[in-house]
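Per-entry structural report
Below are the chains, spelled out letter by letter.
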Amino acid sequence: MQTLETQFEEGISRYKEGESAEVLLPIFKDICAQAPKNSAAQTCLAWLYLLADKPNAGYKAAQRAVKLAPKDPQARINLAIALLETGKSGVRDQIDLISQMVFAVDELKAEVQENFEEGLRRKPDWKSLKRVQKWLFDS
């Protein structure tokens, strides 16, 4: 029997190897069901839902992730994307908060930029991701 940490690491590894969001969603849903306070798993779940064109589920997971880890820029990026894709308000507030976090720490900025590039490799026509990226890095 694998530990949740092992399941999480294996899921991340499979994602990095190119496994589809649709295949990985059940794994991360299971991890989140067993460990609902795991912010990293909630952040991954939100990202996978957004990649799989399930913005309402992505929005709920992103909200949980931000509640658990309010200073995690990726959790907030996922929330901003989900807000755009579900037509909800509050995107600008998220962008402002993300900007403050990301530009305060160079490592975070690089990590966030890599995540944008990864998202666009998997989903090249992802309009919401492109908009958030532009607002953060083209200002």
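Data block above holds the structure.
Our subject in this report is the structure included herewith. Bear in mind the structure is a predicted one, so any value in this text is a computation, not a measurement.

**Quick notes on the side chain of asparagine 78**
Within the element layout of this structure, asparagine 78 appears in helix H5 (residues 73-86). Classification of asparagine 78 by relative accessible area gives buried; the value is 0%. At 3.0 Å, the side chain of asparagine 78 forms a polar contact with the backbone oxygen of threonine 43.

**Points about the state of the cysteines**
A full pass over the atoms with the stated rule returns zero disulfides. Not engaged in a disulfide, the cysteine cysteine 32 finds its nearest cysteine sulfur in cysteine 44; these two sulfurs lie 8.1 Å apart. Judged by relative accessible area, which is 19%, cysteine 44 ranks as buried.

**Focus on the nonpolar core**
Phe28, Ile77, Ile81, Trp126 and Val132 are the most contacted members of the largest nonpolar core, which has 44 residues in total. When residues of this core are traced back to their parent elements, those giving at least two are helix H1 (4-16), helix H2 (21-34), helix H3 (39-51), helix H4 (55-68), H5, helix H6 (91-102), helix H7 (106-122) and helix H8 (127-137). By residue number, the principal contributor to this core is H3, which donates nine residues. Discounting chain neighbours no more than four positions away, the residues touching phenylalanine 28 are Phe8, Gly11, Ile12, Ala41, Cys44, Leu45 and Leu48.

**Details of the layout of surface pockets**
Estimated volume of the largest pocket: approximately 540 Å³. If you trace the largest pocket, you find 20 residues lining it, with Ile12, Tyr15, Cys44, Gln74 and Asn115 closest to the centre. Contributing elements (two or more residues each) for the lining of the largest pocket: H1, H3, H5 and H7. Per-element tally for the lining of the largest pocket: the top contributor is H7, with six residues. Taken together, the residues of the lining of the largest pocket sort by class into 11 nonpolar, four polar and five charged.

**Details of the pattern of salt bridges**
Under the criterion given, the structure shown has six salt bridges. Note that arginine 14 and glutamate 19 form a salt bridge whose closest N and O atoms lie 3.1 Å from each other. On the accessibility criterion, arginine 14 (23% relative accessible area) is partly exposed. Residues arginine 121 and glutamate 118 are paired through a salt bridge, measuring 3.0 Å at the closest nitrogen-oxygen approach. Of this pair, arginine 121 and glutamate 118 both sit in helix H7, three residues apart, roughly one helical turn. The class of arginine 121 is exposed, set by a relative accessible area of 58%. If you follow the salt bridges from partner to partner, you end up with Glu10, Arg14 and Glu19 in one network.

**Here we look at H7**
In this model H7 runs 25 Å from its N-terminal to its C-terminal C-alpha over 17 residues, within 8% of the 24 Å that 1.5 Å per residue would give. On the buried face of H7, the contacting elements are H1, H3, H5, H6 and H8.

**A word on H1**
Here H1 spans 18 Å end to end across 13 residues, near enough to the 18 Å set by a 1.5 Å rise per residue. Restricting attention to buried positions, one finds in H1 the residues Gln7, Phe8, Gly11, Ile12 and Tyr15. Along the axis of H1, the buried positions cluster into a sector of 135 degrees, meaning they face one direction only. Away from its buried face, by an angle of more than 90 degrees, H1 presents the exposed residues Glu5 and Lys16. At its buried positions, H1 is contacted by H2, H3 and H7. After H1 finishes, the residue glycine 18 shows a positive phi value of roughly 105 degrees.

Cut-offs applied
Residues numbered from 1 in each chain as written. Predicted model: local features only at pLDDT ≥ 70, side-chain atom pairs only at ≥ 80, totals over all residues. Heavy atoms only, no water. Helix = DSSP H or I, 4+ residues; strand = E, 2+ residues; numbered from the N terminus. Buried < 20%, exposed > 50% of the residue type's maximum accessible area, 1.4 Å probe, protein only. Polar contact = N/O pair within 3.5 Å; in protein donor to acceptor, adjacent residues only side chain to side chain. Disulfide = S-S within 2.5 Å. Core = buried A, V, L, I, M, F, W, Y, C linked by side-chain atoms within 4.5 Å. Contact = heavy atoms within 4.5 Å. 1 Å grid on protein atoms, 1.4 Å probe; cavity = no way out; pocket = protein on both sides within 12 Å on 5 of 7 lines; lining within 4 Å. Points joined across faces, edges and corners; volume = space filled by probe spheres on them. Nonpolar A, V, L, I, M, F, W, Y, C, P; charged D, E, K, R; others polar. Salt bridge = Lys/Arg side-chain N within 4 Å of Asp/Glu carboxyl O. Expected span 1.5 Å × (residues − 1). Arc of directions from axis to C-beta.

None of the figures reported here should be taken as evidence of function without further support.
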